[in-house]
Amino acid sequence: MSVRVRFAPSPTGFLHIGGLRTALYNYLFARHHGGACILRIEDTDQTRFVEGAEENIIDICRWAGMEFDESPEKGGPHGPYRQSERTDIYRQYANELLSKDMAYRAFDTSEELDAMRERQKNAGIAAKYDRTVMRSEYTLGPDETKRLLDEGADYCIRLKVPVSGDIRFNDIVRGEVIVNARDVDDQILLKSDGFPTYHLANVVDDHLMEISHVIRGEEWLPSTPKHVLLYQAFGWDMPKFAHLPLLLNPDKSKMSKRFGDVFAKSFREKGFFADALVNFVALLGWNPTSDREIFSMQELIDLFTLEKVNKAGAVFDTKKLEWMNAQYLRNADPESLLPQLQSILKEHHIEVADERAKGILTLLRERITFLNEIPGFGAYMFSDDYVIDEEYKAKHWTADSGAIITSLLPIVKGLEDFNHIAINDAVAAFTKENGIASKLFIHPLRMILTGKPVGAGLYETMEMLGKEVCIRRIERFLSQEGK
Ligand code: GLU
């Protein structure tokens, strides 16, 4: 059997980080098996449609490095891939179930349904449609049903769920799942407006699109028994199911919009690298090894198996994601980050030659998490107009500092070749000869040249700044503050 999987989001909002994980697991699974990964837009609930959501889903998936083999954009042998363009198909299949007596028409108004729920609530029983009591074609009988149909009365089509017996299916992540049919509602399949519900459209499409594995979030697990009944009613083979564990906040509550940002696009906007986010999201509920955290997309593809997906909820640890981003920042080839870095610098109206931009990146990246921190964290690399950390200054600028830095200035000025080794050698020789402890000039110099206590090695920083800039800054400071 060839592997065909689908990511089937509803365009009801921007792509959530959980949606990104679902897309990614489908993608990894498909690529691992040399199969196809399909994007299907499930937009049959017109009331929840959000303008721009579909574009956002496609945009984020592409940014994350996932290209679909079949999609609304790309087309494919089983299109259209947008459910709102397939409504005739669902109607046809709903009618097939009617003719097989596996589904039935129900004429209840929303008031009648509300009243039913109210009665059930008062009686302390779970809300469930009773086709032997409500205005279904079973209670109405064929003549009254025909009369209503001729009259053009509104009706929906419901699934005729068996009154008893077990519904069983196997889930690759959770093992065997058994639900009693008694606990399953006569699901609406086709609404009175002629649009299908998620359940009908999802099953019909998974069948027609020859989906081999349904990989989706755990929140869809309670829907699966209904889907199993639909496959049985149609007489179709079932795909294999794998329900992915919930994403949790660090306090183990369900990750939701209430806790900070959960949209994938927010992570991109904050400056996370796509490959770092993909790496992190891949490990939310799956880990191929116990001793490694950093994986490229290709490595994830090579290693991915559904069997290793955990049942337990996966905690979303932002600190770990930040750590991962910093790893990507440190280990990337500076050349590959250059276009992104240059565009960040440009946004800050900073113009720097490529070689220097790469040099600055290499010096600063050990100390930051995001590429976009460079203009702020490394302000002193680009302009003389940087802020001096007053606390740092107060701590290290002593009564002797002015004299010490003044005595060092000619050493700096005298250097022919202004590289960090030469600077180090000259400064070390001079301070040793004059018995000046390193902390007495290292911190004051760093404070003068960069304004802050953290940064790359002082002499590397000086080399990057250049001789002229260093002298200018030292002289400026001495003339303002030094005695
Ligand atoms: N349209 C559903 C969603 O928004 C798809 C669930 C499924 O994959 O079956 O997540």
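Summarised in this report is the structure supplied together with it. Just so we're clear, the structure is a prediction, and the values are computed from it rather than from any experiment. (Residues numbered from 1 in each chain as written. Predicted model: local features only at pLDDT ≥ 70, side-chain atom pairs only at ≥ 80, totals over all residues. Heavy atoms only, no water.)

### Some thoughts on the packing of helix 19 (residues 439–450) against helix 20 (residues 458–465)
The interhelical angle for the contact between helix 19 and helix 20, taken along N-to-C directions, is 35 degrees, at an axis separation of 11 Å. For the pair helix 19 and helix 20, the sense of crossing is left-handed. Listed contacts from helix 20 to F441, I442, L445, R446, L449 and T450 of helix 19 are L458, Y459, T461, M462 and L465. Tallied by class, residues from the contact of helix 19 with helix 20 come to eight nonpolar, two polar and one charged. (Axes fitted to C-alpha atoms, helices over the stretch in contact; angles between N-to-C directions. Helix = DSSP H or I, 4+ residues; strand = E, 2+ residues; numbered from the N terminus. Left-handed = near helix turned anticlockwise from the far one by under 90°. Contact = heavy atoms within 4.5 Å. Nonpolar A, V, L, I, M, F, W, Y, C, P; charged D, E, K, R; others polar.)

### Thoughts on the nonpolar core
Grouped together as the largest cluster of nonpolar side chains are 106 residues, with contacts concentrated most on I17, L20, L371, I374 and M462. Residue contacts for I17: discarding those within four places in its chain leaves L247, M255, V262, A264, F267, L277, V281 and F316. Counting 34 residues, the second-largest nonpolar core is a separate cluster that includes Y90, M209, V228 and F234. (Core = buried A, V, L, I, M, F, W, Y, C linked by side-chain atoms within 4.5 Å. Buried < 20%, exposed > 50% of the residue type's maximum accessible area, 1.4 Å probe, protein only.)

### Structural notes on the site of the ligand
For the ligand, the full set of nearby residues is R6, A8, P9, S10, E42, Y198, N202, R216 and W220. A distance of 2.7 Å separates a nitrogen atom of the ligand from a polar side-chain atom of E42. Notes on the ligand: free accessible area 300 Å², of which the protein chains cover 85%. For the ligand, the cavity whose grid points lie within 2 Å of the majority of its atoms is the largest pocket. Its residues assigned to classes, the shell around the ligand shows four nonpolar, two polar and three charged. (Near = heavy atom within 4 Å. Polar contact = N/O pair within 3.5 Å; in protein donor to acceptor, adjacent residues only side chain to side chain. Areas by Shrake-Rupley, 256 points an atom, 1.4 Å probe, with all protein chains shown as cover. 1 Å grid on protein atoms, 1.4 Å probe; cavity = no way out; pocket = protein on both sides within 12 Å on 5 of 7 lines; lining within 4 Å. Sits in = over half its atoms within 2 Å of the grid points.)

### Details of the layout of surface pockets
Of the voids in this model, the largest pocket is the one considered here, and its volume is about 1,100 Å³. Sorting the residues of the lining of the largest pocket by element identifies strand 1 (4–7), helix 1 (17–32), helix 6 (198–208) and strand 8 (213–217) as the ones contributing at least two each. Looking at the lining of the largest pocket element by element, the count peaks at four residues for helix 1. Taken together, the residues of the lining of the largest pocket sort by class into 16 nonpolar, 13 polar and 11 charged. Taken as a whole, the second largest pocket spans an internal volume of roughly 290 Å³. Along the walls of the second largest pocket sit 14 residues, with R268, G271, Q340, I344 and N372 positioned nearest its centre. At the level of elements, helix 8 (264–270), helix 9 (274–282) and helix 12 (334–347) are the ones that each hand at least two residues to the lining of the second largest pocket. Residue contributions to the lining of the second largest pocket peak at four residues, all from helix 12. (Points joined across faces, edges and corners; volume = space filled by probe spheres on them.)

### Topic: helix 9
Of all nine residues that make up helix 9, eight are buried, and the element is covered over most of its length. Taken residue by residue, helix 9 has A274, A276, L277, V278, N279, F280, V281 and A282 as its buried positions. Structurally, helix 9 contributes buried residues whose contacts are with helix 1, helix 2 (53–63), helix 8, helix 10 (297–303) and helix 11 (318–331).

### Quick notes on the packing of aromatic side chains
Within this structure, the stated rule accounts for 16 aromatic pairs. A ring pair is formed by Y93 and F234, whose centres lie 5.6 Å apart and whose planes are at 80 degrees; its orientation type is edge-to-face. Of this pair, Y93 sits in helix 3 (residues 87–99) while F234 sits in helix 7 (residues 224–234), and the two are 141 residues apart along the sequence. Positioned over the ring face of F14 is K265, at 4.7 Å from the centre of the ring. Positioned over the ring face of F377 is K452, at 4.4 Å from the centre of the ring. (Phe/Tyr/Trp six-rings, centres within 6.5 Å; stacked < 30°, edge-to-face > 60°. Lys NZ or Arg CZ within 6 Å of the ring centre and 35° of its normal.)

None of this, on its own, says anything about what the molecule does.
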